[in-house]
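Structural overview for review
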Amino acid sequence: MTESRQKLPFSNPQFKECNKTLNSGTCHNNGQSGQEPSWLSAENKFLLQTSSKQKLKADAVVASDGSGLYKTIGEAVRAAPSRSDKRFVIYVKEGVYLENVKVDDDKWNVMMYGDGIGKTIVSSDLSVGVQTTTGDTATFAVFGKGFIAIDMEFENTAGPTRGQAVALLSSSDQSVFYRCRIAGYQDTLSTMSGRQFYRECEILGTIDFIFGRAATVIQNSDILVRRPSTTQKITTITAQGKDVSQTNSGLSIQNCNIDAAENLDGVKIYLGRPWKAYSTTVIMESQLGSLIDPAGWLPWDGQPPPDTLLYVEYSNRGPGADTARRVKWKGVKVGNTREDADKFTVTNFIDGDQWLPNTGVPFQASL
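Described below are features of the structure shown in this document.

Conventions adopted
- Residues numbered from 1 in each chain as written.
- Predicted model: local features only at pLDDT ≥ 70, side-chain atom pairs only at ≥ 80, totals over all residues.
- Heavy atoms only, no water.
- Pairing = 2+ DSSP bridges.
- Helix = DSSP H or I, 4+ residues; strand = E, 2+ residues; numbered from the N terminus.
- Phe/Tyr/Trp six-rings, centres within 6.5 Å; stacked < 30°, edge-to-face > 60°.
- Buried < 20%, exposed > 50% of the residue type's maximum accessible area, 1.4 Å probe, protein only.
- 1 Å grid on protein atoms, 1.4 Å probe; cavity = no way out; pocket = protein on both sides within 12 Å on 5 of 7 lines; lining within 4 Å.
- Points joined across faces, edges and corners; volume = space filled by probe spheres on them.
- Nonpolar A, V, L, I, M, F, W, Y, C, P; charged D, E, K, R; others polar.
- Salt bridge = Lys/Arg side-chain N within 4 Å of Asp/Glu carboxyl O.
- Core = buried A, V, L, I, M, F, W, Y, C linked by side-chain atoms within 4.5 Å.
- Contact = heavy atoms within 4.5 Å.

The next thing to look at is the sheet that holds strand 16 (residues 202–205). Spatially, the eight strands line up as an open sheet ordered 4-7-10-13-16-19-22-25, and their pairing is parallel. Every other strand in the sheet has two partners, leaving strand 4 (95–98) and strand 25 (287–288) as the edge strands with one partner each. Pairing analysis gives three bridges linking strand 10 (residues 153–156) to strand 13 (residues 181–183), with the strands arranged parallel. Note on strand 13: the bridge partner recorded for Phe154 is Ile182.

Right, dumping it as structure tokens:
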């Protein structure tokens with residue numbers, strides 16, 4: 001984000017199985033009715049739901065120790081064909097890759113998988129504190145449509161005092177991040193545009209650390225607040241940036257765990273604040289820890305909240321889910337909100353039932 005803003009690991013509850021009993025919802029696992037994605041060949045079944053999955057046959061292998069065709073992720077990305085309708089698979093072996101990676105907008109249908117969180121790590125420390133724009137700080141930035149990342153970690157290590165510093169930026173329509181860790185401080189995850197889906201991820205940050213204008217659904221993930229700098233006593237988790245009423249833009253957080261990554265004594269934490277006039281954030285069927293301030297939502301830099309924003313809370317649980325003392329803004333909805341929440345499910349908000357089955361990633365289609 002270009003505005004100057006103050007921004008905001010916990011034990012992962014292991015959301016490995018879809019909760020089929022949750023409000024009688026529908027679960028999709030590895031595509032349609034358990035079938036493998038159509039783009040997988042018979043000899044390369046990517047068994048996403050097992051700990052001993054076989055590795056998908058890769059078009060490019062990256063290894064920092066030289067055992068692959070490429071030593072850097074950037075080299076492998078540049079080798080992907082342009083505007084291809086065929087999946088290009090990159091396997092990134094265990095290691096720490098100190099680079100800033102960009103998947104250009106002509107690199108379609110790139111899939112990248114690693115050896116898991118804590119093993120395959122892409123890391124950088126760029127921040128606005130070194131005279132660059134927020135977007136240019138991204139450790140990993142993806143623009144080409146249809147991008148998939150599995151079992152990887154993206155981090156920005158700039159720290160809590162250096163301002164905006166993005167770990168992952170996605171402007172990829174129909175992009176998916178599955179079993180990934182996205183770790184930073186201010187502005188960790190930038191969801192810029194398109195339809196995006198995050199499943200079984202860990203997202204860590206300090207201030208406005210999930211922000212952007214995309215149509216984004218985050219499911220079955222840990223959203224964890226780190227301690228900000230010593231001068232920051234108030235922080236927010238989200239800063240959604242919908243600025244035109246007719247656009248398909250918003251942030252939907254479903255069946256997630258929102259909690260503290262570490263001791264946050266003396267810091268007031270809010271679910272979000274309105275970056276733009278039509279800021280839209282929905283938190284539903286999630287566990288909210290005691291770190292959430294009873295008011296729930298915070299104005300932008302003390303300005304009166306716009307009546308055009310939409311903040312919905314539906315069927316949440318935990319000590320932070322008590323809505324009795326929520327702010328009384330026109331756009332904040334906390335009671336009888338099932339109909340509002342239903343508009344922001346995978347099926348209704350990002351048409352995910354039409355394209356997610358082909359990715360092989362499990363998803364909850366509805367409430």
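Turning our eyes to something else, we now look at the packing of aromatic side chains. Counted by the stated rule, this structure contains nine aromatic pairs. A centroid spacing of 5.0 Å and a plane angle of 10° characterise the contact between Phe177 and Tyr198, whose relative ring orientation is stacked. Separated by 21 residues along the polypeptide, Phe177 in strand 12 (residues 175–178) and Tyr198 in strand 15 (residues 195–199) bring together distant segments of the chain. Tyr198 shares its class with Phe177; the two are buried.

This part covers empty space enclosed by the protein. Taken as a whole, the largest cavity spans an internal volume of roughly 40 Å³. Contributing to the lining of the largest cavity are Thr191, Ile210, Phe211, Gly212, Ala214, Thr216, Gln240, Gly250 and Leu251. Elements with a contribution of two residues or more to the lining of the largest cavity: strand 17 (210–212) and strand 21 (250–254). Ranked by residues supplied to the lining of the largest cavity, first place goes to strand 17 with three residues. Across the lining of the largest cavity, the residue classes break down as four nonpolar, five polar and no charged.

Turning to the pairing of strand 23 (residues 268–272), a few remarks are in order. Side chains on a regular strand alternate between the two faces of the sheet. In terms of residue burial, strand 23 counts as a mostly covered element, since four of its five residues are buried. Here strand 20 (residues 234–240) pairs with strand 23 via four bridges, running parallel. Bridging from a neighbouring strand, Thr236 pairs with Tyr270 of strand 23.

Before going further, it helps to spend a moment on the pattern of salt bridges. As enumerated under the stated definition, the model contains 13 salt bridges in all. Of the charged contacts in the structure, one is a salt bridge between Arg199 and Glu200, with a shortest N-O distance of 3.5 Å. For the pair formed by Arg199 and Glu200, the shared burial category is buried. Because the salt bridges share partners, they merge into one network encompassing Glu153, Arg181 and Glu202.

Read across the sheet, 11 strands follow the order 2-3-6-9-12-15-18-21-24-26-27 without closing on themselves; strand pairing throughout is parallel. Bordering the open sheet on either side are strand 2 (60–62) and strand 27 (332–333), each of which pairs with just one other strand.

Right, let's get into the nonpolar core. Of all hydrophobic cores here, the largest spans 59 residues; its most connected members are Ile73, Ile90, Met112, Phe140, Phe147, Phe154 and Phe177. For Phe154, the contacting residues outside a window of four places in its chain are Val122, Phe140, Ala149, Ala167, Leu168, Phe177, Cys180, Arg181, Ile182 and Ala183. Counting 28 residues, the second-largest nonpolar core is a separate cluster that includes Tyr178, Phe197, Val217 and Ala341.

Even without being glycine, Asn255 reaches a positive phi, approximately 55°. Summarising the element assignment, Asn255 is placed in the loop between strand 21 and strand 22 (257–260). At Asn336, a position not held by glycine, the phi torsion is positive, near 55°. As for its position among the elements, Asn336 is in the loop between strand 27 and helix 2 (338–342).

So far we have only geometry, and geometry alone does not tell us how the molecule works.
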